[in-house]
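Letter by letter, the chains look like this.
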Amino acid sequence: MDGPPMSRADTTRRQTPTFQRPISRPMSSRIQPGGGAPRAPAPAAVRHRPVSYDYLTGSTFAVKVNGKPVFLLNDFRKKVEANLKEQKGKKNCLYVTAFKQSLAQQTDDKKKQDAIRDQYDKALVPRFAPVEHTEGGLTKNMLGQGFQGDGIEDPPVQGEIGYSRIDQIDPWEDASGGGLEKYNPCVTSVFAPVQYQGLKDTHPQWQREPASHLSLDFIYGYQGSSCWDQNLFGEGPGSENLYFLQAFSASAGKMVNTGEIVYFTAATCVVFDVKNGIQKFFHHSDDVTAMAVLRRTHQKPDGSWAEMDRPKGQIATEQWQKWFAYNAGVYVPNEKDWTPGSRLLPQSSEEFPQFDEGAPQDWRNWDIPNRCIVASGQKGRNPRIYVWRAIRGDGETGLEKQVLATMTLGAKKLQVGQLSFNGRGNFLLAVATDMEHSVTVFDWRKGVKIREGIAHGGPVDGAKFNPYSDAAFATCGEKHLKYWELGDEDLQMSPGLFGDDGQPLNQRTVTFTPRQNTITGVENGDIYIWSGGKVAARIDNAHKENVLGLLYVDGVGLFTAGKGGHLKLWDPELRDTKTPIFDIDLRSFSVEGSPKLNARVSGRSMDWTTSEDMKRFVCDDNQVTDDPSRGICGAPATHMSFRDLGVEGILLLGTTDNAVIFLGFRRAGDKSGWTRGLNENLVIKGDSENTEPGALKIQPWWSHEAVKKLKGTGGAANGQLPVACYWYQQYDETKPGFRAMQGGTAGGCPWQWAVCGKRVAMRGHMSHVDGVAPMANERLFMSVSKDCTARIYDVNDQIMIDCVCVHKPARSAVWWSRETAEGVEGDEIVNNRKVSVFAVGYEDGSFSVFATENSAADAADADDDAGGGGEKN
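Residues numbered from 1 in each chain as written. Predicted model: local features only at pLDDT ≥ 70, side-chain atom pairs only at ≥ 80, totals over all residues. Heavy atoms only, no water.

Caption draft 1: Here's a closer look at the overall build of the protein chain. Across its full length, the protein chain carries eight helices and 50 strands. When the 873 residues of the protein chain are sorted by exposure, 48% land in the buried category. In the protein chain, of all internal contacts separated by at least 6 residues, the share reaching a separation of at least 24 is 54%. Of the accessible surface of the protein chain, which amounts to about 43100 Å², a share of 49% is contributed by carbon and sulfur atoms. (Helix = DSSP H or I, 4+ residues; strand = E, 2+ residues; numbered from the N terminus. Buried < 20%, exposed > 50% of the residue type's maximum accessible area, 1.4 Å probe, protein only. Contact = heavy atoms within 4.5 Å. Areas by Shrake-Rupley, 256 points an atom, 1.4 Å probe, with all protein chains shown as cover.)

If you want it as structure tokens, here you go:
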């Protein structure tokens, strides 16, 4: 039997999944039998007229609570009745109590349903005709050249109701900017701008695209924690997302550091040239949640392990050179033949094979160089993973042309939680954050899955390939550590045993040693050392809580970081599990802000290098304030290169307060060594712009009054400039870090290592940024955030120059300025001093007015006169 004709709204409902439909439809849109206007319901059919719709409880039947009608769903009513039955027999049996319990249950059920719903793709239908432009700027619709198929809907007339649908945009059809994600559903109709509808009464000039476009120049921020939920110590991005990069030097015949580091923030991966202050970007279509850099390891003839910085053989040398010579992108096989002069990385297919002087050419068969290939994964209903090259191109800031492979985890996976390359670099491990925490191993050069499995029913906080094995990896998380092998056909798993030395606690992170040991950081602050699949030893109370960062460096030791803010270094042989060989408080590098966030500072992602190039590029540009009350031995910023300071190795550290820090380490030596300060007769190479070759006593700044005041402070001897930074205590000589007083002066460094160089390369906000204010007629701008800070940045130097704690979550900011005959004036006279004034608005509706100590112009001039701390050309 044929029913009544369907209206436009009914057609939309048929094509829209249930969870996208409106919860209720107005009576005016419902079709009545026989046509005509809808009949009003009988008066007895309604007990209470719904004033407003409650999306949590619904509106199908009503009760009164405190004299007010509350509308409930049938399943919610059942919950209330069940809770009332449980309260029977109790003295205080109240309906309101049962209602509140049921409301809490309904909220939990709704969250579970939303989590399940979000794992499914939404059905999308086309909405608007695509707008295509000709070379003259006019749209094809205006010229009558547009697509005239029956499936294209006519543009809706402005002011009338259109289809309540969602645009369908395939992210792979327009991936030049990293791809476009499908839009979230809209409650009301959304119309295309009228100037792009091809209407006859629209002037042709409005049919043209803008003549200029914005381009991304610099990003001030780093993702060291999970910013969207502030869960700094659980699942979320920030772990293993900070690395040094290298490039092949044909003259040296090996990989060398380029002065670049790679990390991610928001939906962008950033390649930051620390030497020149330049950034390159790889854009994703959603927030980036995981990253890994391909690091190849090999065993030396003496049995030790190291990263492979040199190619093995003449063929591998030629292939490594081609990786960096063909830097214009990746060739897509087509009818046009590939040539070496195109500088495109060759790729063959069965239909279009590629040759170079008769020899087959395909990069997928080449030997893989070290530390130049990056894998990054993102959020999404079908999370994507990109593998791309981080190489020096032809000046372009975008790296989208360098994509080597694109893979997906499949539907319902939510986001990529962990990524890791194996020691040979041919396999890529990915862990999803779905309900089952799926494990997938890719042969990334072919872009295919080779193994799949289920990691664990609970959260998985860490997953990493063993760099000393080609096919073994481990996962850790909620009360477990699991060992995996690729196997012949399927993944093979064996659980780690806690035994008598361990407890079944959450394992936060995992790393490996060349001696076949596995090391995990535990939620209670302990560190477990595993051997033979079970806990063989542990470091008790290594940190206050939640060990989040682990890095083992052969010959140096085990770096660990956790809640409490301390970074520690332990015996490289792992024999002494009681006393560390170094300790520093990372909170000495933090800026003042929200106490709740500052109390949770911890190191998370770490990398290590001994490259002489990096020692030359990085300078000691940050001050650590000496504070005996907190046990902090500080030092001023010397602006000398790490090489001039005698640094033996550089630790690249990412923290949960979204800061990137370079720490230069050096062995402490005897009590009268460099930890007691730099002597005027020390000869340096003069790598930075503030120094010149020769002894310190001939440097222009050595005899400056400000430098003279610093000599002899911070544990340094009289007349010597302090450079050593570490944590110490003066209360119990039986405990680690005790520094005694000798003749009224501080004793020597109590550790085997100390930090002699420090630089904060990037410092981002710890919460959402809600306001940005550029300063009139100056090169400064300010950002305010919910982390209770207002931060001032210098656009020229691309660094944060000051931070103000405003004590409350901030929402907006503005600089004071006025128009004068000479132009815009941004300074004001306050207490007979020329200063800059700005105001900050808060969440609670209040605002504060601040004044700087000096005017922005005077501060900029002083900074230019002092010079930068970069490396000389």
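Caption draft 2: Here's a closer look at the sheet that holds strand β33 (residues 649–655). The four strands are arranged β31-β33-β34-β40 in an open sheet whose pairing can be described as antiparallel. The open sheet is flanked by β31 (603–609) and β40 (753–763), the only strands paired with a single partner. Each neighbouring strand pair of the sheet contributes to a mean axis angle of 20°, computed without reference to strand direction. Sheet topology places β33 next to strand β34 (residues 659–667); six bridges connect them, and they run antiparallel. Looking at the pairing, G649 lines up with F665 of β34. (Pairing = 2+ DSSP bridges. Axes fitted to C-alpha atoms, helices over the stretch in contact; angles between N-to-C directions.)

Caption draft 3: Spatial organisation of the nonpolar core. Ranked by internal contacts, the top residues of the largest apolar core, which has 70 residues, are I261, F559, L567, F662 and F665. Tallying contributions element by element places β40 first for this core, with seven residues. In this structure, L567 is in contact with F559, T560, A561, F582, D583, I584, L586, M606, L651, L653, L663 and F665, ignoring residues within four places of it in sequence. If you look at the next biggest cluster of nonpolar residues, it comprises 36 residues, including W338, W366, A405 and W444. (Core = buried A, V, L, I, M, F, W, Y, C linked by side-chain atoms within 4.5 Å.)

Caption draft 4: Highlighting the packing of aromatic side chains. Counting across every chain of the model gives 30 aromatic pairs. Put simply, the rings of W323, Y326, W338, W363, W366, F421 and W444 touch in pairs and so form one group of aromatic residues. Sitting over the face of the ring of Y728, R739 holds its NZ or CZ atom 3.8 Å from the ring centroid. (Phe/Tyr/Trp six-rings, centres within 6.5 Å; stacked < 30°, edge-to-face > 60°. Lys NZ or Arg CZ within 6 Å of the ring centre and 35° of its normal.)

Caption draft 5: Here's a closer look at the side chain of E260. One can find E260 in strand β4 (residues 254–265). A polar side-chain atom of E260 sits 3.2 Å from a polar atom in the side chain of T258. Excluding its chain neighbours within four sequence positions, the residues that come into contact with E260 are Y243, F244, L245, V271, F272, D273, K280 and R392. (Polar contact = N/O pair within 3.5 Å; in protein donor to acceptor, adjacent residues only side chain to side chain.)

Caption draft 6: Broad picture of the pattern of salt bridges. The full count for this structure, using the stated rule, is 27 salt bridges. K708 is the partner of E705 in a salt bridge, and the nearest nitrogen-oxygen pair spans 3.8 Å. With E705 and K708 both in helix α7 (residues 705–710) and three residues apart, the pair spans about one turn of that helix. Among the salt bridges present, the one from R779 reaches D794, with a minimum N-O distance of 3.0 Å. Highlighted residues: R779 in the loop between β41 (769–774) and β42 (780–785) and D794 in strand β43 (residues 789–794), separated in sequence by 15 residues. Comparing R779 with D794 shows no difference in burial state: the two are buried. Salt bridges linked by common partners bring R295, E307, R371 and D607 together as one network. (Salt bridge = Lys/Arg side-chain N within 4 Å of Asp/Glu carboxyl O.)

Caption draft 7: Inspection of the state of the cysteines at higher detail. In total, this model carries zero disulfides according to the counting rule given. There is no disulfide at C633, and the cysteine sulfur nearest it, in C725, is 6.5 Å away. (Disulfide = S-S within 2.5 Å.)

Caption draft 8: Just the sheet that holds strand β16 (residues 428–432), in detail. In spatial order, the strands read β15-β16-β17-β18; together these four strands make up an open sheet with antiparallel pairing. Since the sheet does not close on itself, it has two edges, and those belong to β15 (416–421) and β18 (448–454), each with one partner. Ignoring strand direction, the axes of neighbouring strands in this sheet form an average angle of 20°. One ladder, built from five bridges, connects β15 with β16; its direction is antiparallel. For L419, the partnering residue across the bridge sits in β16 and is A430.

Caption draft 9: Molecular detail of the environment of D607. Summarising the element assignment, D607 is placed in strand β31. Note: C-alpha distance between D607 and E240 (367 residues apart in sequence) is 8.8 Å. Polar contacts involving the side chain of D607 include one to the main-chain amide nitrogen of F244, which spans 3.0 Å. There is a polar contact of 2.8 Å between the side chain of D607 and the side chain of R371.

Caption draft 10: Representation of helix α4 (residues 314–325) in the model. For α4, with 12 residues, the first-to-last C-alpha span of 16 Å sits near the 16 Å given by 1.5 Å per residue. Along α4, the residues classified as buried are A316, T317, Q319, W320, W323 and F324. Seen from one end, α4 has its buried residues packed into an arc of 165°, which puts them on one side. In this structure, α4 carries Q314 and I315 as exposed residues pointing more than 90 degrees from its buried face. (Expected span 1.5 Å × (residues − 1). Arc of directions from axis to C-beta.)

Caption draft 11: Inspection of the environment of S239 at higher detail. Note on placement: S239 falls in the loop between α3 (95–117) and β3 (243–249). Separated by 310 residues in the primary sequence, S239 and G549 have C-alpha atoms spaced 7.8 Å apart.

Caption draft 12: Unusual backbone geometry, seen in detail. For R343, which is not a glycine, the phi torsion comes out positive at approximately 60°. If you check the backbone angles, Q516 has positive phi at about 65° while not being a glycine. Positionally, Q516 belongs in the loop between β23 (507–512) and β24 (518–522).

Caption draft 13: The arrangement of the pairing of strand β20 (residues 472–477) in detail. The buried fraction of β20 is high, at six of six residues. The antiparallel hairpin formed by strand β19 (residues 460–465) and β20 contains six residues in its connecting segment. Bridge count between β20 and strand β21 (residues 480–485): six bridges; the pairing is antiparallel. By the bridge assignment, G477 is partnered in β21 with H480. Taking the residues that link successive antiparallel strands as the turn, the β20-β21 hairpin has two residues, and the phi of K479 there is positive, at about 55°.

Caption draft 14: Layout of the confidence of the model for the protein chain. Mean pLDDT over the protein chain: 79, with 74% of residues reaching 70 or higher. Contacts of residues 3–38 to residues separated by more than four positions or lying in other chains number 36 contacts, the stretch itself having pLDDT below 50. (pLDDT = per-residue confidence, 0-100.)

Caption draft 15: Focus on the environment of D488. Mapped onto the elements, D488 comes out in the loop between β21 and β22 (492–495). On the basis of relative accessible area, D488 is assigned to the exposed category, the value being 77%. In this structure, the C-alpha to C-alpha distance between D488 and R451, residues 37 residues apart in sequence, is 9.9 Å.

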